[in-house]
Amino acid sequence: MQDAHVLLPDMELVSTLLTFPVLYRCRVSYFAVFDGHGGARASQFAAENLHQILAKKFPVQNVDGLIRKCLLDTFRQTDEDFLKKASSQKPAWKDGSTVTCLLAVDDVVYVANLGDSRVGWVGPCAALVVDSSSNAHVFSCRLCSVGWSHREQEVVRSR
């Protein structure tokens, strides 16, 4: 199987088990799905490492901009680490993976994705992710009508 997932309803327990100092002053949960392409190594690597890198980089202050930057940096670091490992193999690994990650920090939900994987949300909520497509303007107008702003290629926040 090329896919993987991680469910961590309490990141503080994980950081304690991983024995590195992370100071949480908030409730943090992490959920991620990895859709492997061309093999299982990339999705397995991301499943084993993304949350650990996130915990190491997680900001001490619960500031929206810092958490968004942390997510982006975590995705970038995980990708760089996998590419380094994959290129050192003989022959080089050609695996890939999409990822969809949901990070809940107190009462705020952050959704980040890489590739074509998306989060579906059931219940009363504005769209979390809007794809770049011919319908993007329609979806952007819908977001604005319920009080949300949309910026492409950015982590989107929902309360």
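Reading the values: the criteria
Throughout this description, residue numbers start from 1 for each chain and increase along the sequence as written. Only residues with pLDDT of at least 70 are given local features in this predicted model, and only at 80 or more are side-chain atom pairs given and counted; all residues enter the totals for whole chains, interfaces and linings. With hydrogens and water stripped out, all remaining heavy atoms of the structure feed into the side-chain values. Only protein chains enter the calculation, and the probe is 1.4 Å; a residue is then buried if its accessible area is under 20% of its type maximum, exposed if over 50%, and partly exposed in between. Put simply, DSSP marks the helices as runs of H or I at least four residues long and the strands as runs of E at least two long, and each gets a number from the N terminus on. We treat two strands as partners when DSSP finds at least two bridges between them. How far a helix is expected to stretch is found by multiplying one less than its residue total by 1.5 Å. What the bend at a residue measures is the angle between two axes, fitted to the seven residues ending there and to the seven starting there.

By the naming in an unreviewed UniProt entry, the protein chain is Integrin-linked kinase-associated serine/threonine phosphatase, taken from Takifugu rubripes.

(A) Representation of the pairing of strand β3 (residues 96-105). Taking burial as the measure, the ten residues of β3 include eight buried ones, the bulk of the element. Both strand β2 (residues 28-37) and β3 contribute to a ladder of ten bridges, which runs antiparallel. The residue bridging Y30 from the neighbouring strand is L103, located in β3. Of the strand pairs in this sheet, β3 and strand β4 (residues 108-114) are connected by seven bridges, and their pairing is antiparallel. By the bridge assignment for β4, V99 is matched with L114. Here β3 folds back onto β4, and the loop between the two strands holds two residues, one of which, D106, carries a positive phi near 50 degrees.

(B) Expanded view of helix α2 (residues 41-57). Its 17 residues place the ends of α2 24 Å apart at the C-alpha level, agreeing with the 24 Å of an ideal helix rising 1.5 Å per residue. Maximal helix bending in α2 amounts to about 35 degrees, located at N49. All of the buried residues along α2 are A42, S43, F45, A46, A47, L50, H51, I53, L54 and A55.

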